[in-house]
Amino acid sequence: MVDPADLRVVLMDSATAATLAQVLPLLLLTLMVELRRVEVHRRGHNVQITRLLLGLFFIAFGAVETVFVLSIDGAFIPFTWSDLIAALSIFALLALLFVLSLLDSPSRRKRDEA
């Protein structure tokens, strides 16, 4: 007989989740360096839409990364509190990275003011 109180949701095995949780932030950092280098956040007909799309990408990436971190112990549900705290910390750091990626460098601000 199946016990309804024993709810366990497994999205992927723990080794895959751990690997993806480690590799994806490095790929995101590489992507942000390249986006900043080519100044994608300053291009296009409407810069607001470009920044909105980048923000939506970061939210989706943060949600996927959170799921991977919560799945490291082998099950998405139930998760341990330490996994949840780690996942939310990573999500907050991704949000900070997004905000910092849109800021102008001090040398560019001085050049634009002159």
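Being a predicted model, the structure only gives us computed values, none of them experimental. (Residues numbered from 1 in each chain as written. Predicted model: local features only at pLDDT ≥ 70, side-chain atom pairs only at ≥ 80, totals over all residues. Heavy atoms only, no water.)

Our next topic: the packing of helix α1 (residues 14-37) against helix α3 (residues 81-102). Contact geometry of α1 with α3 gives a least axis separation of 10 Å together with a crossing angle of 15°. Viewed along their axes, α1 and α3 adopt a mutual orientation that is roughly parallel. Our pair here, α1 against α3, has a crossing hand that is right-handed. The residues of α3 that touch α1, namely those facing Leu28, Leu29, Met32 and Arg36, are Leu94, Leu97, Leu100, Ser101 and Leu102. Considered class by class, the residues forming the contact of α1 with α3 number seven nonpolar, one polar and one charged. (Axes fitted to C-alpha atoms, helices over the stretch in contact; angles between N-to-C directions. Helix = DSSP H or I, 4+ residues; strand = E, 2+ residues; numbered from the N terminus. Parallel < 35°, antiparallel > 145°, perpendicular 65-115°, else oblique. Left-handed = near helix turned anticlockwise from the far one by under 90°. Contact = heavy atoms within 4.5 Å. Nonpolar A, V, L, I, M, F, W, Y, C, P; charged D, E, K, R; others polar.)

The next thing to look at is helix α2 (residues 47-70). A rise of 1.5 Å per residue sets the reference length of α2, with its 24 residues, at 34 Å; its end C-alpha atoms lie 34 Å apart and thus fit the reference within 8%. All buried positions along α2 are accounted for by Thr50, Leu54, Gly55, Phe58, Phe61, Gly62, Glu65, Thr66, Phe68, Val69 and Leu70. Contacts made by the buried residues of α2 are with α1 and α3. (Expected span 1.5 Å × (residues − 1). Buried < 20%, exposed > 50% of the residue type's maximum accessible area, 1.4 Å probe, protein only.)

Here the focus is the packing of aromatic side chains. Evaluation of the coordinates by the stated rule reveals three aromatic pairs. Considering the side-chain rings of Phe57 and Phe58, the 6.2 Å spacing of their centres and the 90° angle between planes classify their relative orientation as edge-to-face. Judged by its relative accessible area of 36%, Phe57 is partly exposed. By the ring-pair criterion, three or more aromatic residues cluster together here, those being Phe57, Phe58, Phe61 and Phe98. (Phe/Tyr/Trp six-rings, centres within 6.5 Å; stacked < 30°, edge-to-face > 60°.)

Below, the discussion takes up the confidence of the model for the protein. When pLDDT is averaged along the protein, the result is 76, and 81% of the positions lie at 70 or above. By mean pLDDT, the top-scoring element of the protein is α2 (83), and the lowest-scoring one is helix α4 (residues 106-113) (65). (pLDDT = per-residue confidence, 0-100.)

For the rest of this paragraph, the subject is the nonpolar core. Counting 16 residues, the largest nonpolar core has Leu28, Met32, Leu54, Phe58, Phe61, Leu94 and Phe98 as the members making the most contacts within it. Of all the elements in the fold, those that place two or more residues in this core are α1, α2 and α3. It is α2 that provides the largest number of residues to this core, a total of six residues. Ignoring any residue separated from it by four or fewer positions in sequence, one finds Phe61 in contact with Leu24, Pro25, Leu28 and Leu94. (Core = buried A, V, L, I, M, F, W, Y, C linked by side-chain atoms within 4.5 Å.)

Moving on to a nonpolar patch on the surface. On the surface, Ile49, Leu52, Leu53, Leu56, Ile59 and Phe91 cluster together into a nonpolar patch covering about 580 Å² of accessible area. The dominant element in the nonpolar patch, judged by the number of residues it contributes, is α2, at five residues. Among the structural elements, Ile49 can be located in helix α2. On the basis of relative accessibility, which here comes to 47%, the residue Ile49 falls in the partly exposed class. (Patch = residues over 30% accessible without salt bridge, like charges linked within 9 Å, V, L, I, M, F, W, Y side chains within 5 Å. Areas by Shrake-Rupley, 256 points an atom, 1.4 Å probe, with all protein chains shown as cover. Salt bridge = Lys/Arg side-chain N within 4 Å of Asp/Glu carboxyl O.)

Packing of α2 against α3 leaves a shortest axis separation of 9 Å and a crossing angle of 160°. Judged by the angle between their axes, α2 and α3 are roughly antiparallel. Every pair of crossing elements has a handedness; the one defined by α2 and α3 is right-handed. Residues Arg51, Leu54, Gly55, Phe58, Ile59, Phe61, Gly62, Ala63, Glu65, Thr66, Val69 and Leu70 of α2 form the contact with α3, whose participating residues are Asp83, Leu84, Ala86, Ala87, Ile90, Phe91, Leu94, Leu97, Phe98 and Leu102.

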